[in-house]
Amino acid sequence: MQQIADWLQKLGMAEYAECFADNKIDVSVLRHLTDQDLKDIVIPLGHRRKMLAAIAELSGASPSKHEPVGGVELKLQDAAERRQVTVMFSDLVGSTALSARMDPEDLREVISAYQKCVAQTVQRFGGFVAKYMGDGVLIYFGYPQAHEDDAERAVRAGLELVASVGALKTHAPLQTRAGIATGLVVVGDLIGSGSSQEQAIVGETPNLAALAGHCGAEQCRDC
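Definitions and cut-offs
- Residues numbered from 1 in each chain as written.
- Predicted model: local features only at pLDDT ≥ 70, side-chain atom pairs only at ≥ 80, totals over all residues.
- Heavy atoms only, no water.
- Buried < 20%, exposed > 50% of the residue type's maximum accessible area, 1.4 Å probe, protein only.
- Helix = DSSP H or I, 4+ residues; strand = E, 2+ residues; numbered from the N terminus.
- Pairing = 2+ DSSP bridges.
- Phe/Tyr/Trp six-rings, centres within 6.5 Å; stacked < 30°, edge-to-face > 60°.
- Contact = heavy atoms within 4.5 Å.
- Expected span 1.5 Å × (residues − 1).
- Arc of directions from axis to C-beta.
- Polar contact = N/O pair within 3.5 Å; in protein donor to acceptor, adjacent residues only side chain to side chain.
- Salt bridge = Lys/Arg side-chain N within 4 Å of Asp/Glu carboxyl O.
- Patch = residues over 30% accessible without salt bridge, like charges linked within 9 Å, V, L, I, M, F, W, Y side chains within 5 Å.
- Areas by Shrake-Rupley, 256 points an atom, 1.4 Å probe, with all protein chains shown as cover.

Digging into the pairing of strand S3 (residues 81-92)
Stage number 1. Taken across its 12 residues, S3 has nine buried, putting it largely inside the fold.
Stage number 2. Where S3 lies against strand S5 (residues 136-141), six bridges are found, and the strand directions are antiparallel. Residue pairing in the sheet places phenylalanine 89 in a bridge with leucine 138 of S5.

Some thoughts on the packing of aromatic side chains
Stage number 1. Counted by the stated rule, this structure contains two aromatic pairs.
Stage number 2. Between phenylalanine 128 and tyrosine 140, the ring centres sit 6.2 Å apart and the planes meet at 40°, which makes this aromatic pair tilted. Pair noted here: phenylalanine 128 is in strand S4 (residues 128-133) and tyrosine 140 is in strand S5, with a separation of 12 residues, a long-range link.
Stage number 3. Relative accessible area serves as the criterion here: at 2%, tyrosine 140 is assigned to the buried category.
Stage number 4. Among the aromatic residues, those joined into a ring-pair cluster are Phe128, Tyr140 and Tyr143.

Overview of the environment of glycine 126
Stage number 1. Inspection of the secondary structure puts glycine 126 in the loop between helix H7 (104-124) and S4.
Stage number 2. For the pair glycine 126 and tyrosine 140, spaced 14 residues apart in the sequence, the C-alpha separation amounts to 8.9 Å.
Stage number 3. Those residues in contact with glycine 126 that sit more than four places away from it in its chain are Tyr140, Phe141, His147 and Arg153.

Looking at helix H8 (residues 150-166)
Stage number 1. For H8, with 17 residues, the first-to-last C-alpha span of 24 Å sits near the 24 Å given by 1.5 Å per residue.
Stage number 2. Buried within H8 we find Asp150, Ala154, Ala157, Gly158, Leu161 and Val165. Angularly, the buried residues of H8 cover 110° about the axis, an arc narrow enough to put them on a single face. Along H8, exposed side chains directed more than 90 degrees from the buried face belong to Leu159 and Ala163.

Concerning H7
Stage number 1. With 21 residues, H7 ought to run about 30 Å at 1.5 Å a step, and its terminal C-alpha atoms sit 30 Å apart, in line with that.
Stage number 2. Leu107, Val110, Ile111, Ser112, Tyr114, Gln115, Cys117, Val118, Ala119, Thr121 and Val122 are the residues of H7 that are buried.
Stage number 3. Between the side-chain oxygen at the start of H7 and the backbone nitrogen of glutamate 105 there is a gap of 2.9 Å, and the oxygen is on aspartate 103.
Stage number 4. Looking one or two residues past H7, glycine 126 carries a phi angle of roughly 85°, positive in sign.

Side note on the pattern of salt bridges
Stage number 1. For the structure shown, the criterion picks out five salt bridges.
Stage number 2. The partner of aspartate 35 in a salt bridge is arginine 48, and the shortest N-O contact between them spans 2.9 Å. You can see aspartate 35 sitting in helix H4 (residues 35-40) and its partner arginine 48 sitting in helix H5 (residues 45-59), a full 13 residues away along the chain.
Stage number 3. Note that arginine 177 and aspartate 91 form a salt bridge whose closest N and O atoms lie 3.2 Å from each other. Within this pair, whereas arginine 177 is found in strand S6 (residues 176-191), its partner aspartate 91 is found in strand S3, the two being separated by 86 residues in sequence.
Stage number 4. Sharing partners across several salt bridges, the network here consists of Asp35, Arg48 and Arg49.

Some details on a nonpolar patch on the surface
Stage number 1. Among the surface-exposed residues, Val155, Leu159 and Ile180 lie close enough to one another that they form a single nonpolar patch of about 260 Å² accessible area.
Stage number 2. Within the element layout of this structure, leucine 159 appears in helix H8.
Stage number 3. Owing to a relative accessible area of 61%, leucine 159 belongs among the exposed residues under this scheme.

As structure tokens, this is what we get:
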């Protein structure tokens, strides 16, 4: 955690060192942080933007070199690998109807509460939030850290997620669908640049999870 403290000191934000330590954020996960992650640990907007810009600079380094920033050396890996991953796609039910009848600011609060609920729930089961896509959330189980029971973890997380989202106290009652699929994928290719850079996962598995999450199991059997 000293490396993170040094990095924050370099940015002039040493006051957040304890916050990062409390949330177990070390250099291995620094590049995966999103604006929503930083918002969840109560980092103000202006400082979130500065942090994301600094992280983008780290991510833009050559993968074959170490990039020292404020005493932190990160070795970025963009070597793709073939591995088995369980993918979950969580989709907010009726979001189009919500957007039609709700004030945009109220809708933003609803979506934010939903995304935070998803992140907190899946993280308890070892899931990794790969991407927020409006009213959808893409989650990996088995990447970047693999467990023998990743598929079981995903199912248990999906069941708890449905219950947790349904229990949220927001401007409107919410429901979510969770599509889950397990299979071989190629993961690790870096796509995009700067703050939009992400590690892509390629194969049929994420497509199956997204299809199930979007349309529901009953419809998927008829597809």
